[in-house]
Structure formats: structure tokens, C-alpha cells
Amino acid sequence: MAAPALKHRRTALERVENFVSPLYFTDCNLRGRLFGDSCPVAALSSFLTPERLPYQEAIQQDFSPAQVGDSFGPTWWTCWFRVELTIPEAWVGQEVHLRWESDGEGLVWLDGEPVQGLTKEGDKTSYVLTDRLGEGDPRSLTLYVEVACYGLLGAGKDTLIAAPDPEKRFQVSRAELALFHRDVHNLLVDLELLLGMAKAQQLEWVKSHYPGLYARLQEFACRGQFVPVGGTWVEMDGNLPSGEAMVRQFLQGQNFFLQEFGKTCSEFWLPDTFGYSAQLPQIMRGCGIRHFLTQKLSWNLVNTFPHHTFFWEGLDGSRVLAHFPPGDSYGMEGTVEEVLKTVAKNRDKGRTNHSAFLFGFGDGGGGPTQTMVDRLKRLYNTDGLPRVQLSSPGRLFSALDDDSGQLCTWVGELFLELHNGTYTTHAQIKKGNRECERILHDVELLSSMALARSAQFLYPAAQLQNLWRLLLLNQFHDVVTGSCIQLVAEEAMCHYEDIHSHGNTLLSSAATALCAGEPGPEGLLLINTLPWNRTEVLALPRPGGAHNLALVRVPSMGYAPAPAPTSQQPLLPQQPVFVVQETDGSVTLDNGIIRVRLDPTGRLTSLVLVASGREAIAEGAMGNQFVLFDDVPLYWDAWDVMDYHLETRKPVLGQAGTLAVGTEGGLRGSAWFLLQISPNSRLSQEVVLDIGCPYVRFHTEVHWHEAHKFLKVEFPARVRSPQATYEIQFGHLQRPTHYNTSWDWARFEVWAHRWMDLSEHGFGLALLNDCKYGASVRGSVLSLSLLRAPKAPDTTADIGRHEFTYALMPHKGSFQDAGVIQAAYSLNFPLLVLPTLGPVPAASWSAFYVSSPAVVLETVKQAETNPQGHTLVLRLYEAHGSHVDCWLYTWLPVQEAFLCNLLEQRDPAGHLPLRDARLKLTFSPFQVQSLLLVLQPPPS
């Protein structure tokens, strides 16, 4: 009898690991016995196409003989394989699989329907032909495998985030029939499995391209086995989209889920994005969502977020129950180690004893494998291990709700301490996003005005839905952020051009409808799409392509006729702009409100608030100082800018004598200069001051040809404050200007929308912009991030010509009372000058006016629930951070008014009395309110 051997723990464990290993000893271990006898496919043929062809068209193509080992490509093409199979008679009674391995992503088609994905990276390399071959089952069949020439996470050259290799070749390394040993794999065939999908856009694509598969998804949803989650159109970025765009993500997503699956989502499921706005809780609650799941803050580079389950309180006080899976991943594989980690790392143990375990190939798609499901099923009730059950998001949050009495609360934004470069990368995408948000805002307002005033006008609901969905698609968290490949960036720019083109057509149609039947002469219509009266200098087109400057007045959300080119300009109510160039080459611009002095190279040496004589630029410092940084992150090139880039600051110095006077004064004064940034890049800028304008504008053009450089512009302020204010969606928040704690210095680069402000008591300085998002205030220096030059995953990112405008506004008192918010809106929403097909109205007209400057009427649109009717939705928000009562005045024929939620569902107790064409509204700080206005149809 053999002597018993002593068991060495490490040896025993490694022996067990090797027994199930997919890599080692697969000729004799358990893994190697998953498949038994095999035989080659009867015939294999293929054809290549650069197009994505529908199935019926693809199978009509000319297929050529192919064999295992053949290569195909290049990147982004598609190779279709016709696979002819003959199953051996000896395999009757056994489970038969098609084994298929290729380094491209595959899709199996059988009888005209997509039935399963195949991806080597996603551990899906076999398709079950039959779980038990019957005597009467057919032995021969033909199926098709559509293989895309890219992998699970694209086609990066050598590394994950590298730019795609356009000439990459792909290969089928296995195509055979094989017996599958179900007893070896020991899986439960009747296992209930719940799958979730968080993007309405993807489901819309499935509905369009794979209607058979979509019908099956709807059946699974009815049985509770397919759970739509998320509630948004795509998994959007949580920082950069406007407040209204975020509302539309939920409006389009929730309406789609309701229409297609019979119910809306109660959870916002956003596992991968680059930060979370402090207004998201209010937007979620307004869209019927009380629960939120993500895990991205586990990527924080500096600080560990203190909770996994907690209440998240937004800017206005709205709260949602938030859960971060303690496994800190959305791609776990169901291993014992991962399950133990999930329990051990839960920072809210004792407050709640439930948590999510997100398993499957989540990044890049692919979902769970049967192996993962089996592992977790075995952990359901295993001694010494946490109890694991396959469940749904609804059941998870129900359990968390039951345990929520002791949970902590996090107030304000959830700032990701990583990926700060996404606020700046791909500046053209960010400019396109901002411009398209503006265009759709303007189209909806003008179309609503035309609907109220013209019986013949049809509100372009279908066109606007298509344009909005196109914009929302490109607010996906790897598109608007700029962390995309070149192909995606180019497609995004095409989408923005489509929105721009179609939007301008819709603007013209609405303007023509507004003017229908007017007795006045032909001319130009001036339109103000903002909810306050505006007096501004405007360049009006003249015959022959020239422009004529005019001081125009246009009422709140209304129109006015443009003055004729030959009409006499009335006496100016304000001091005209004076422009003086000194003998040393410096230039002074003065409009009686602010006085701007530029040195001979274009830097700002002085900015004075004339009434008080208060200087805004720090003593001995220069504003409008361009600075260049080395920008080489640790890994995530397009995504990250690291704190150590600040150590490489290099001011860009200009040549004296390049500053020249542009417009010489009167209604407008300007000076311009050229600046050589580097041997490869240059900049030109016009500094513009208009009559009556409280800010100076910097119109900038950059020809940028750099690698791993970061361009910013700085304004050292004569202001001292421990915090600066930044605009976010539907409001603003404060962030520190110091680095006292690790939480402070981790925010060395932050995001903002149209403005940021540094104020002390009685005075402040605001920096406005028309298309930038990256920003910082360190000490007393306001810095706006302009351009980056990463090389992965797009080697061409930001290379080329850029145009943008920023503006500087010194102010007395608080930024709220000084009108900084309105100034930033005006910079971003210029007055429209629209030619019409007929006469222009002779008099001005306004649709809406709000009595309080603290309340912004953000959106006017037709109600989604009544696309053929005359019901409008208005969205307003409190912008100052105050409790306020106000009146909303309207000159539209309103019959009834109601409060509604963000999904435009009427509040049963929300009837609003209409008194003398006005509605009284009450707001708390940063509150967003939506109204339904039922209009009387215009007379025919």
C-alpha cells in the first residue's frame, strides 16, 4: 500500500488551478475534456465588403472558397462566411456545437435571424447546434457567420488605447463541429438568467436592423428576463452636456422604454462615465428615477470615495439612493476572489448588507458567459462564502431601500479624480456640441412661436426628434469627451453638420411662418431667443456681401425688424467706444463701462471698471497670457491630464509691434495681433469691445500642430477668495482655489459650462466662453483650457484650425446681481438675423418675459404627448441660488397652464391660474420647473 503523502498547501492549490486552467495542461485537464470528437465543417466560403450589409443582401453575394488559417481584412471591413455543416451519424443522442475562433467579432445567423455572438476575447467560441441530436434531426445545415474586422475593444495598434491599425489583418483559427460534454461542464440548463441593457439607442438599432431578434427581446422583457435599465438614450457623459440635453437623454430614453417595453426605468444605470453633475439627482427625480448605480469613482487617482451605498443629494436638495458595487468593476467574471472582495471592501457594511456584483464583459459589450453564470450559481449557498443570487436591479434597490435608514448622504457633485483631459480633448467636437445645443434650442422656440401664431404652420416634431437623437448619440461618454478614434470623431462632425444644416432650414421655415400675412416691407428679421430684452451691436448683411454695424433692440424671446442700411442711427444712449493706440504700440479700448489696455504684444495690462475705477488685473501681472504645458499622462492619453503638467508651465511671449487697431470705435472698437505659439503653431486674435457691453471679447483663431502639448490662457485677478464659482447644468457651484487637502488638489483641472467667476465682497471677475469646458482657478489666476494634442486613440486629435471666443467681465457686487449669467447666455446665443420669404413685421413682438433675473426660461417646445396639438412645454430654473417668486408674462393665447414633470406628465395638483396674461411661479434654489401651456389654436 502506498504511503500517504503530506499535502503542501501551495502545491495543492496550484494543482487545482491547473486542473481547470484554460492555458496550462489543456491536453489532460478538465478544461481539455469539455469537447470530445470533432470534425471539420463540410465547406467554408467567404466574401469581404467595406459596407455593413443586411443579411438578405449579404447572402446573395459571390462567396469564394475559404479555409481555416486564411487572413482577411483590413480594419473596419466585414467578412461574411457561409458555413456548411454535416453532422456524423455516430453523434446521435449527443450535444453538438460549432466551434469557431477568430480575432474579429462574429455573429451567427441561422434561418435569417441573428442567434449568437462569437468573440474569442469575450470567451464565446462555440454555438450550440443541438443539445441532443435526434434520429430524425437533419444532418446537414448551412449557417452564416458575419465577422467584423475589429476586436472586442476596437483595433488599437499594439495597445488598448492606441490609434487603430488601418491595415490590420484577421484570421479564423478554428471552424469545426465537436461533441460537447455537458457533464464535464456541469451547467444547469434551466437556469434563470436576467440581462440588462442601458441604452435606448442600441435597442433602436436592434429594432431597425434585427427585427426578429428585437421581437424576442420584447418577449423576454414580458417574462422578466430582459430588463431595460438606465432610462437614457445613451450612456452619456455626466459633465459636458447642457441641462436641457440631459433632460432630453431621459425624455427620449424613458419614452422609448415605455413605448417599446410598456414601462419606464426606475434606475439610472451609468457604470462608465467621467464624473457626475450635481444636478443629476434633480433631473433623475423629475424623470421618475429614484435609484442610481455607477462604479467609475473607484477609478479615483487620489482619494478613495468613502461610500458604496448612500444617498446622493443634488444642488437643489433632491436625493436619490446611489449604489457603487464594492467590487469596483462592471466586468467581473464570477470568481470566488471577486465575491470575497465585494464583501470585504464594502464601506457601508452594517448600514446595509446587500450589494451588486456586475459580471460579464461589460466594457465593449459581450455580456456574461455560461461559465460565469455557473460559477455564481455554485456560490448561492456555499459555506464560508457570501450568498450570491442572480437578481434584477429592481430587487437589489428594493433591498437597499429597506436598509436605508442608517445610510450617509453625499452632497454635491461626484467628481472623478481622473480623465480631466476629456474636458478639452477634441475641441471641434465640443464646439459642435455647444453649437448644436444652441441651434435646437432656437429652432424649438421659433417653431413654438410660429405654432401659436400661424394656423398653417406644422411643428417639425419628427425632424426635431431625429436631430435631438443625433445630438444625444454624440453625447455618449467616449464621443463628446473626445476619447474616441478618428473615424468616430469624423462621423460626429458630420452629424453636427447635419444638425446645423437641417436646423437652419427649420429656423428659416419658422421665421417665414411668423411673418406670414404681415403688411411691412421685405427685409431681415432679428430674433432674440433669450428671455430678457437685449440691446446689442450687430453686423447686418448688405448687398454684395458687406456688413453694416447697427445698434439694435430686440425684446425678450421675440423679434424686431432690422433697421434699413440707409436709416439714420439714433443718438447713442451710451458713450461710444474710444480706441487709442499709444506711441509704444499699446492700445486702449474704452466704452464708459470698462476700459481695456493691451500691451504691444496683445496681453492685457489693465481692465478697469470705469464707474468705480476698480482695477481687475493683479498688480504687475498680465492677463490674456497664453501658456503652454507638456502634456504626457501616465497612460490614458486622450482622457487624462496629470497634475505634474503644471510643473512645465511656459508662457508664450509675443513680438512687440504685432498689435494693430481693427475697428476704430463708435459702435465697436477692436485691436488684433498675431502670436507664434511654437515653430509649428500660430494664433491670431481680435480683442473686441462694443458700445454698452460689460465684457470684452477675445475672438481667437489657432492653427495647432503639436504633440502632447496643452494650451491655456490665464487671467491673474486682483481678487482674493478661497473659492471660485463655475456654471454647471441649471445652476452653479463653488470649488476651492487652494490645495489644502487631497480632495482640493485633486481638482487641479475642473469643468465648467459657459462661465466661471472669482469674487470677493463687492467685486469680481468672470471669464465667459462660447465652446470650452476645461477650467481652473488657482489662487487668484483664472485659467481657461483651450487645446490639447494627445496621440491615442486618435493621432490627429485637435490638429488643424480652431476658432473660439472667450470674454472677460469685471463686475461690481455679486456675479448674480451684475448679470454674469445673462452675459454668458448672450455670448452663446447671438441674436439671429434671418431673411424671410415675405414682408417683415413692422413692429417688435415678444412671446415671453420673466420678471426676475434669478429665473431663466431655458426651453420652449411643443409637448411630446400631443405632437399634433397646440400644447407647449416651458422649462425654467432658478439660477442665483435663492428662493424667489416671479411672474411669467406671455403674449401667446394661453387657455390653461399646469405644472408637469420632466417627462411632461401633468401634475394633478399643478393647475396654475392665469391672471392678466401672466403666471405666478415660486422657486427654491436651483429648482427646475416645467409647465404645460395649452394654447388656443390660431384662426385660419
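Scroll up a little and you will see the structure.
Each chain carries its own residue numbering, running from 1 in the direction its sequence is written. Only residues with pLDDT of at least 70 get local features here, since the model is predicted, and only at 80 or more are side-chain atom pairs given and counted; chain-wide, interface and lining totals rely on the full set of residues. Side-chain figures throughout are based on the complete set of non-hydrogen atoms in the structure, without hydrogens or water.

Break down the sheet that holds strand β14 (residues 267-269) for me, with residues and values.
Across the sheet, 5 strands lie side by side as β14-β15-β17-β16-β18; this open sheet has mixed pairing. Of all the strands in the sheet, the pair left with one neighbour each is β14 and β18 (409-411). With direction set aside, neighbouring strand axes in the sheet form an average angle of 30 degrees. Alignment of strand β15 (residues 291-293) against strand β17 (residues 319-323), held across 3 bridges, turns out to be parallel. Residue pairing in the sheet places H291 in a bridge with L321 of β17. Two strands pair if DSSP finds at least two bridges between them. Numbered from the N terminus, helices here are DSSP runs of H or I no shorter than four residues, and strands are runs of E no shorter than two. Angles here are taken between N-to-C directions and fall from 0 to 180 degrees, while the axes themselves are lines fitted to C-alpha atoms, restricted in helices to the stretch in contact.

Could you give me a rundown of the packing of aromatic side chains, with the residues and numbers involved?
Each aromatic ring pair is summarised here by two numbers: the centre-to-centre distance and the angle between the ring planes. Only the six-membered ring of Trp is used, alongside the rings of Phe and Tyr, when aromatic pairs are assigned; centres must lie within 6.5 Å, and planes under 30 degrees apart are stacked while those over 60 apart are edge-to-face, with the rest tilted. The full count for this structure, using the stated rule, is 39 aromatic pairs. Ring centres of Y889 and W891 lie 6.5 Å apart, and the angle between their planes is 20 degrees; this geometry places the pair in the stacked category. Accessible area is worked out with a 1.4 Å probe on protein chains only. A residue is then buried under 20% of its type maximum, exposed over 50%, and partly exposed in between. For Y889, a relative accessible area of 25% translates into the label partly exposed. Each member of the aromatic cluster is reached from another via a ring pair, and the members are F47, Y55, F63, W80, W109, Y144 and Y210. Over the aromatic face of F898 sits the side chain of R906, whose NZ or CZ is 3.5 Å from the ring centroid. For a lysine, the NZ atom is tested; for an arginine, the CZ atom; a charge sits over a ring if that atom is within 6 Å of the ring centre and within 35 degrees of the ring normal. The ring of W887 has R918 sitting right over it, with the charged end atom 3.7 Å from the ring centre.

So what's going on with helix α8 (residues 336-344)? Residues and values would help.
Within α8, the full set of buried residues consists of E338, V339 and T342. The buried residues of α8 occupy an angular sector of 100 degrees when the element is viewed end-on, so they sit on one face. Away from its buried face, by an angle of more than 90 degrees, α8 presents the exposed residues E337 and A344. Two residues qualify as a contact provided that any one of their heavy atoms is within 4.5 Å of a heavy atom in the partner residue. Each element contacted by the buried residues of α8 is listed here: α9 (370-378). This arc describes the spread of directions from the helix axis toward the C-beta atoms.

Outline a nonpolar patch on the surface, supporting the account with residue identities and numerical values.
Taken together, L153, L160, L301, V302, L634, Y635, Y644 and W745 make up a surface patch of nonpolar side chains, about 720 Å² in accessible area. Checked against the element boundaries, Y635 lands in the loop between β28 (625-630) and β29 (650-651). Here the term patch refers to residues with relative accessible area over 30% and no salt bridge, with like charges joined within 9 Å and nonpolar side chains (Val, Leu, Ile, Met, Phe, Trp, Tyr) within 5 Å. Where accessible areas are quoted, they stem from the Shrake-Rupley method and a 1.4 Å probe; at the residue level, only the protein chains shown are allowed to cover. Salt-bridge detection follows one rule: a side-chain nitrogen of Lys or Arg within 4 Å of a carboxyl oxygen of Asp or Glu.

Tell me what's going on with the pairing of strand β6 (residues 96-102), and back it up with residues and numbers.
A large share of β6 lies buried, amounting to 7 of its 7 residues. In this structure, β6 lies alongside strand β9 (residues 126-130), joined through 4 bridges in antiparallel fashion. Opposite L98, over in β9, you have Y127 as the bridge partner. Note that β6 and strand β11 (residues 170-180) share 7 bridges and pair antiparallel. Counterpart to S102 in the pairing with β11 is V172.

Please set out the side chain of T836 residue by residue, giving values where relevant.
Counting through the fold element by element, T836 comes out in strand β43 (residues 832-839). Residue classification places T836 among the buried positions, given a relative accessible area of 12%. Residues contacting T836, with those up to four places away along its chain left out, are A511, T512, C515, G523 and L525.

Give me the lowdown on helix α16 (residues 820-828), citing residues and values where you can.
For α16, the buried fraction is high: 9 of the 9 residues fall into the buried class. For α16, the set of buried residues is V820, I821, Q822, A823, A824, Y825, S826, L827 and N828.

Mind laying out the environment of P281, listing which residues take part and the relevant values?
The topology assignment puts P281 in helix α7 (residues 280-286). Judged by its relative accessible area of 0%, P281 falls in the buried class. The sequence separation of P281 and G317 amounts to 36 residues, and the corresponding C-alpha distance is 8.4 Å. Other than its neighbours up to four places away in sequence, P281 contacts W312, E313, G314, S318 and V320.

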